[in-house]
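One letter stands for each residue in the lines below.
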There are 2 protein chains.
Amino acid sequence: MSKPYKGFRPDWQETRAPEGSYRSILKWGDPDAFKVPKESLYKMMKEFFGMTDDDFKTPREMGYEPVEFDAPIQLTDADLQAFAAIVGGDNVKTDCYSRLSVAYGKTMYDLLRLRKHIVENVPDAVLYPSDAVEIEQIVAYCDAHKIPVYVYGGGSSVTRGVECMKGGISLDMRKNFNKVIRFNEINQTITVQAGMSGPDLEKTLNNAPELFGASRRYTCGHFPQSFEYSSVGGWTVTRGAGQNSTYYGKIEHIVLGQEYVTPRGKIVTDDYAAKATGPDVNQIMMGSEGAYGILTHVTLKVFRYMPENHFKFSYMFHTWEDAQAAAREIMQAEIGYPSVFRLSDPEETDIMMRLYGIDDIPLAGNLLKLKGFEPMKRCLFLGFTDGERAFCRNIKRKVAAICRKYKAMYLTGIPVSAWEKGRFTDPYLRDSMQDFGIMTDTLECTVNWDNMAKVHETVRAYCKSRPQTICMTHMSHAYPQGANLYFIFIAKMTELDDFISYHRGILDHIQKSGAAISHHHGIGKMFAPWLEGFIGSNQLEIFKVLKQHFDPNNIMNPGGTIAVDLPEEEKRFIRPKW
Amino acid sequence: MSKPYKGFRPDWQETRAPEGSYRSILKWGDPDAFKVPKESLYKMMKEFFGMTDDDFKTPREMGYEPVEFDAPIQLTDADLQAFAAIVGGDNVKTDCYSRLSVAYGKTMYDLLRLRKHIVENVPDAVLYPSDAVEIEQIVAYCDAHKIPVYVYGGGSSVTRGVECMKGGISLDMRKNFNKVIRFNEINQTITVQAGMSGPDLEKTLNNAPELFGASRRYTCGHFPQSFEYSSVGGWTVTRGAGQNSTYYGKIEHIVLGQEYVTPRGKIVTDDYAAKATGPDVNQIMMGSEGAYGILTHVTLKVFRYMPENHFKFSYMFHTWEDAQAAAREIMQAEIGYPSVFRLSDPEETDIMMRLYGIDDIPLAGNLLKLKGFEPMKRCLFLGFTDGERAFCRNIKRKVAAICRKYKAMYLTGIPVSAWEKGRFTDPYLRDSMQDFGIMTDTLECTVNWDNMAKVHETVRAYCKSRPQTICMTHMSHAYPQGANLYFIFIAKMTELDDFISYHRGILDHIQKSGAAISHHHGIGKMFAPWLEGFIGSNQLEIFKVLKQHFDPNNIMNPGGTIAVDLPEEEKRFIRPKW
């Protein structure tokens, strides 16, 4: 529960959405969990957007209405009976609610459509498979009958990755396809079905002694912001990253083995740490986002669970330039890597300082002023370590030395704890704010160090060219050669066209400035128009050749996924790179 | 120079091989460098192989004769003129010596053939291109005229990777295609032409301040045993590993970007540290070993050059079981990784102890005996660190703690220094010993920890089933999930059939025991028969589809490379894994 407001408090929605309502689909996460703005954030929003309490009196487009639509089912009764024979009658659903509930992900485009009752691209039926054999039978049937097959994991896609552009069926993996196949403590690996959720995996590993008689507790090391509502399969096929990726690596560094069902048969990779046996099949399948086949099993590295070695740190830099230079030096110092590594630009810093109340701590606020850390110039850097204790302690020390060299001020671990509190729950805020017409969304990219300033400036300039728009930027996944840049934009925006045009403009500017168009969100169907401009035509041709091989009838996630079947007119060649 | 012998000293060859001779091709490395067995090794060989000084009186099959053979050139004059127009007349050679000098690599199969004057699979012409445009023109011409194209880098392939099974041309990259394209200190990367040699790259990086005005010295971090006679391109296309890979990673972890010329056009990858933009094109091209196209440019990560942080360590374990358990614990401890990480099995340990003279150091030898470290049971573990100083110091300390836990005895850094002395020069010994009919070769594989004992036992049992055969085994590249096993076999063996049958038998047993058939030597043409059994038919089909796409006329390294055009009858399905 948040602290009571001193002044007017909007009617933030904090009751469970009605069963069967649009809101129950669009709402983030746990149906019974809510996060509403603290009074300081509410005040900041009013101020920034020039709004008054009056603007917060009537929430709009809440989606409380029951899901109802008329989208005829294209499947025949024979199809449905065939599916029922494979997965059991209870595991085939054709009601409107089930169909819409797996049609969209969590980009603002999806949420706006749900709030406006815009129903498009729903599957004809939803299936809930429980093992890989069922999936093989489903794919074989669909290939023979040219029925499109989509997959729904945790549902947190922000790229229209799960959307059923051509109807057909969607396999909802959450319900039945979420079991541990094997845990191997000697190799430090676990093999799970693709529908396993992040929290289930982590709980399993944390409880390895009780569950498997293991000698110690383990962690998966992969904690995206969407952790609680994401799945192992989704992480893998989109090449996701967790917030601790600077230490643990992105999912492609954690996954050792995969099994896919494709129309051309099963693809089963090996699970050796390294080898020299031709092209890497794991890296061919990862990132295919369902366009080549359905990921069924994943073998992941696991790591020792040692939260006692989370040494927290936070620093304030005078300028974005100093902060970037220090970040680069930390990543190139060969001291090992911090686990959480998060550097905010000036606009994000100021907002975080207010949200975390750091400026209000008398000593901290005054000291920062006294030492010349100016609003809209200063940059907040925070993080913590993972690994063995002395390894972690050394990283914390060396980070301190580098930060001191750039005249940064140490701010203790308090801002880290504040960040940790919200790290998985901030998406709940989106729903509360959107009830009053304020939308929040994000885009992100990978940048090499030598291009960091330009990408930040170019993309930010575009974001801020829209009046009254907040643009918070940070790096949250760092490497010796570069880092991601993550843009959070917050604006008064309620119309689809407005969103689409702004979203496209940002992607255009990410591409134009020379960044990789996705560091960890994937491509899906929404980013596909920029893919050829980024990787180049000869390289995209490789994806298409593989698509043609695995899925000659184009039944696997068709409709633009990773641009393998994207119509020419949808391509956006902003900056043909080659 | 080695120490003088006290007894009979064989007539070890220590003079430069005549220009134009077979020996000048088969000899390892620098024409003026030699390495002959120390007397202790000579004694050991006599003893082990039941030989006497008499057996070392007449060297055999020395290859001092001039290269001469009759293998008609299949190219037309028009072809040769076309090549001369592209690379210049001086850079096209059709003489016998030039042709044979790029035909073979350095497996014992190659050396035996050279010693016996068996000339097969030579190219019709050798070209020396100097830039990527020339390579594009060569490939276009060859594709139009269906002329096979092979590439020769450092020439240290042990998989028949460079052999011109179908004649055609070979591009020798060493001479002209070896320049730095750009050095980027901000991103810590260097881009070079594929023919650059290991030492040239390392020297360039060590001298970055003088050459590029860099702020510090750098290292490439990649030092295979063949370092001095290997090329960046060869490392990359075969997925090689350096002896420091436990810290720096295999080449696929070091390479950030690549450019290839294929018959279908250029493939240019990006060079971002990470991204989520579909399948990884870098990992599709790496490992293609010339079967998809010719690697022209490589962008590599570079690392700080800090040899002062090489903290050396060596330990003796009582048993192979203890040593393996400790190795695994070190790699799973999350302390960072040592750089050189080398654990010898009992047979290798005993030989190293004699070669390094450790047993002869009064205190060490006696203490080892006293503490119950028994010959043919004890295992030597050695290594050193790389990275920032305190990071390195912590690794050395934690390694010590883990070794102590398994009752290992510390042996100081002396054995490491002894190993370092020979790390790049040991291959020279092969030539000396082979002059008297003793051949040395190696095979290696990747093993997961839970299968380490079985692979070691199975492969070793086969190796030792041949009478009077030395089989030294070690792990030299370690991971949290497993390590490689590297088998060195030494035997009295002078006949090709004998070698081939033994070599095949070892690969059969590597595969049967469940290891990956290559950790870093690649596949080439020699290991191709085992590839389908290892990766599975559906997975090999992917390689073939890509081959068909890039090279529809099969002109790129044809004749079995990575099994994409391997005749059915050559396949060896020892243990179909899937």
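Residues numbered from 1 in each chain as written. Chains lettered and ligands numbered in written order. Predicted model: local features only at pLDDT ≥ 70, side-chain atom pairs only at ≥ 80, totals over all residues. Heavy atoms only, no water.

Looking at an unreviewed UniProt entry, one finds chain A named FAD-binding oxidoreductase, with Candidatus Stercoripulliclostridium merdipullorum as its source organism. Looking at chain A in UniProt, the text filed under Sequence similarities (unreviewed entry) is "Belongs to the FAD-binding oxidoreductase/transferase type 4 family." (UniProt positions renumbered as here; feature names shortened; annotations may be inferred.)

K.L.:
Kindly report on a positive patch on the surface, identifying the contributing residues and their values.
P.N.:
On the surface, Lys3(A), Lys6(A), Lys38(A), Lys43(A) and Lys421(A) cluster together into a positively charged patch. Mapped onto the elements, Lys43(A) comes out in helix 2 (residues 39–49). (Patch = residues over 30% accessible without salt bridge, like charges linked within 9 Å, V, L, I, M, F, W, Y side chains within 5 Å. Areas by Shrake-Rupley, 256 points an atom, 1.4 Å probe, with all protein chains shown as cover. Salt bridge = Lys/Arg side-chain N within 4 Å of Asp/Glu carboxyl O. Lys, Arg positive; Asp, Glu negative; His and termini not counted. Charge placed at Lys NZ, Arg CZ, Asp CG, Glu CD. Helix = DSSP H or I, 4+ residues; strand = E, 2+ residues; numbered from the N terminus.)

K.L.:
Lay out the UniProt feature "active site" (unreviewed entry) in chain A with the relevant residues and their values.
P.N.:
Residues and elements named next belong to chain A. Here the UniProt-annotated "active site" (unreviewed entry) positions come out as Tyr486. Along the polypeptide, Tyr486 turns up in strand 18 (residues 482–492). Its relative accessible area of 11% is what places Tyr486 among the buried residues. Beyond its immediate sequence surroundings of up to four residues, Tyr486 is in contact with Gln225, Thr442, Leu443, Glu444, Met472, Thr473, His474, Ser476, His520 and His521. One polar contact links Tyr486 to Thr442, side chain to side chain, over a distance of 3.2 Å. (Buried < 20%, exposed > 50% of the residue type's maximum accessible area, 1.4 Å probe, protein only. Contact = heavy atoms within 4.5 Å. Polar contact = N/O pair within 3.5 Å; in protein donor to acceptor, adjacent residues only side chain to side chain.)

K.L.:
Tell me about the packing of helix 13 (residues 320–332) of chain B against helix 16 (residues 389–405) of chain B, and please be specific about residues and values.
P.N.:
Residues and elements named next belong to chain B. Close contact between helix 13 and helix 16 brings their axes to 9 Å; oriented N to C, the two are set at 150 degrees. It follows from the interaxial angle that helix 13 and helix 16 lie roughly antiparallel. Here the hand of the crossing between helix 13 and helix 16 comes out right-handed. For the pair helix 13 and helix 16, contact is made by Ala326, Glu329 and Ile330 and by Val399, Ile402, Cys403 and Lys405, respectively. Counted by class, the contact of helix 13 with helix 16 contains 5 nonpolar, no polar and 2 charged residues. (Axes fitted to C-alpha atoms, helices over the stretch in contact; angles between N-to-C directions. Parallel < 35°, antiparallel > 145°, perpendicular 65-115°, else oblique. Left-handed = near helix turned anticlockwise from the far one by under 90°. Nonpolar A, V, L, I, M, F, W, Y, C, P; charged D, E, K, R; others polar.)

K.L.:
Could you give me a rundown of the relation of the copies chain A and chain B, with the residues and numbers involved?
P.N.:
For the pair chain A and chain B, the superposition axis carries a translation of 0.0 Å, the fit reaches an RMSD of 0.0 Å, and the rotation angle comes to 180 degrees. Look at the turn and shift together and you get a two-fold axis relating the two. Comparing contact sets, 100% of the residues at the interface of chain A also lie at the interface in chain B, consistent with an isologous, same-surface contact. (Least-squares fit on C-alpha atoms with pLDDT ≥ 70 in both.)

K.L.:
A description of the environment of Met353(A) should follow, citing residues and the corresponding values.
P.N.:
All names here are of chain A. Considering the arrangement of structural elements, one finds Met353 in helix 14 (residues 346–355). The class of Met353 is buried, set by a relative accessible area of 0%. Separated by 22 residues in sequence, Met353 and Pro375 have C-alpha atoms that sit 9.6 Å apart. Discounting residues that sit within four places of it in the chain, Met353 has contacts with Met316, Ile358, Asp359, Leu368 and Arg378.

K.L.:
A description of the packing of aromatic side chains should follow, citing residues and the corresponding values.
P.N.:
For the structure shown, the criterion picks out 53 aromatic pairs over all chains. Their ring planes at 85 degrees and their centres at 4.9 Å tell us that Tyr42(A) and Phe56(A) sit as a pair that is edge-to-face. You can see Tyr42(A) sitting in helix 2 and its partner Phe56(A) sitting in the loop between helix 2 and helix 3 (77–87), a full 14 residues away along the chain. Residue Tyr42(A) shares its accessibility class with Phe56(A), and that shared class is buried. Centre to centre, the rings of Phe489(B) and Tyr502(B) are 5.4 Å apart; their planes meet at 85 degrees, and the pair counts as edge-to-face. (Phe/Tyr/Trp six-rings, centres within 6.5 Å; stacked < 30°, edge-to-face > 60°.)

K.L.:
Residue-level account of the side chain of Gln243(B), with values.
P.N.:
All names here are of chain B. Mapped onto the elements, Gln243 comes out in the loop between helix 9 (232–238) and helix 10 (245–248). The class for Gln243 is buried, based on a relative accessible area of 9%. Here Arg423 takes part through its side chain, which lies 2.8 Å from a polar atom of the side chain of Gln243. Beyond its immediate chain neighbours, meaning those up to four positions away, Gln243 contacts Phe223, Pro224, Gln225, Ser339, Val340, Trp419, Arg423, Phe424, Ser476 and His477.

K.L.:
Before we move on, could you go through the interface of chain A and chain B and cite the residues and values that matter?
P.N.:
Between chain A and chain B, the residue contacts involve 88 residues of the former and 88 residues of the latter. Across the chain A to chain B interface the summed buried area is about 6700 Å²; carbon plus sulfur atoms make up 57%. For the chain A face of the interface with chain B, the top three residues by lost area are Tyr272(A), Glu334(A) and Gln481(A), together amounting to 12%. The interface formed by chain A and chain B contains 2 salt bridges. Lys398(B) is the salt-bridge partner of Glu388(A), the closest N and O atoms lying 2.4 Å from each other. (Buried area = accessible area lost by both parts, 1.4 Å probe.)

K.L.:
Before we move on, could you go through the side chain of Asn206(A) and cite the residues and values that matter?
P.N.:
Residues and elements named next belong to chain A. Residue position: Asn206 is located in helix 7 (residues 198–206). Residue Asn206 is classed as buried on the basis of its relative accessible area, which comes to 17%. Excluding residues that lie within four positions of it along the chain, Asn206 makes contacts with Arg217, Tyr218, Thr219 and Tyr305.

K.L.:
For the environment of Gly213(A), give the residues involved together with the corresponding values.
P.N.:
All names here are of chain A. Take Gly213: it is sitting in the loop between helix 8 (208–212) and strand 7 (218–219). Residue classification places Gly213 among the exposed residues on the basis of a relative accessible area of 60%. It is 9.5 Å that separates the C-alpha atoms of Gly213 and Glu185, two residues lying 28 residues apart in sequence.

K.L.:
Tell me about the UniProt feature "domain: FAD-binding PCMH-type" (unreviewed entry) in chain A, residues and numbers included.
P.N.:
As annotated by UniProt and renumbered to match this structure, "domain: FAD-binding PCMH-type" (unreviewed entry) occupies residues 119–305 of chain A. A distance of 44 Å separates the end C-alpha atoms of residues 119–305 of chain A, which is 26% helix and 24% strand.

K.L.:
Before we move on, can you summarise the packing of helix 20 (residues 496–512) of chain B against helix 21 (residues 528–535) of chain B with the specific residues and values?
P.N.:
Residue and element names in this part refer to chain B. Interhelical geometry of helix 20 versus helix 21 gives an angle of 5 degrees and a closest axis separation of 11 Å. One way to sum up the angle between helix 20 and helix 21 is to call them roughly parallel. Between helix 20 and helix 21, the residues in contact are Arg504, Leu507, Asp508 and Gln511 and Trp530, Gly533 and Phe534, respectively. Considering only residue class, the contact of helix 20 with helix 21 consists of 3 nonpolar, 2 polar and 2 charged.

K.L.:
Tell me about unusual backbone geometry, and name the residues and values.
P.N.:
Of note, Arg239(A) is a non-glycine position whose phi angle comes to about 60 degrees, a positive value. Its place among the elements puts Arg239(A) in the loop between helix 9 (232–238) and helix 10 (245–248). Arg239(A) gets classed as buried once you look at its relative accessible area, which sits at 2%. Positive phi values are uncommon outside glycine, yet Asn557(B) reaches one of about 45 degrees. Along the polypeptide, Asn557(B) turns up in the segment after helix 22 (537–550). Relative accessible area serves as the criterion here: at 6%, Asn557(B) is assigned to the buried category.

K.L.:
Go over the environment of Arg217(A) with me, naming the residues and quoting the values.
P.N.:
Residues and elements named next belong to chain A. With respect to the helices and strands, Arg217 occurs in the loop between helix 8 and strand 7. Separated by 89 residues in the primary sequence, Arg217 and Met306 place their C-alpha atoms 8.2 Å from one another. Sequence-distant contacts of Arg217, that is, excluding residues within four places in its chain, are made with Leu205, Asn206, Asn207, Pro209, Glu210, Phe303, Arg304 and Tyr305. Within the structure, the side chain of Arg217 is placed 2.7 Å from the backbone oxygen of Asn206, a separation counted as a polar contact.

K.L.:
Let's hear about helix 21 (residues 528–535) of chain A: which residues, and what values?
P.N.:
Counting buried positions along helix 21 of chain A gives 8 out of 8 residues, so the element sits mostly inside the fold. Within helix 21 of chain A, the full set of buried residues consists of Ala528(A), Pro529(A), Trp530(A), Leu531(A), Glu532(A), Gly533(A), Phe534(A) and Ile535(A). Each element contacted by the buried residues of helix 21 of chain A is listed here: helix 20 (496–512) and helix 22 (537–550) of chain A together with strand 9 (265–268) of chain B. Looking one or two residues beyond helix 21 of chain A, the residue adopting positive phi is Gly536(A), at roughly 95 degrees.

K.L.:
Could you give an account of the sheet that holds strand 12 (residues 312–317) of chain B, naming the residues involved and the relevant values?
P.N.:
All names here are of chain B. Read from one edge of the open sheet, 7 strands run 15-12-14-13-17-18-16, paired in antiparallel fashion. Every interior strand has two partners, whereas the edge strands, strand 15 (409–410) and strand 16 (438–448), have only one. Helix 19 (residues 452–465) contacts strand 16, strand 17 (469–475) and strand 18 (482–492) of the sheet and is inclined by roughly 160 degrees relative to strand 17. (Pairing = 2+ DSSP bridges.)

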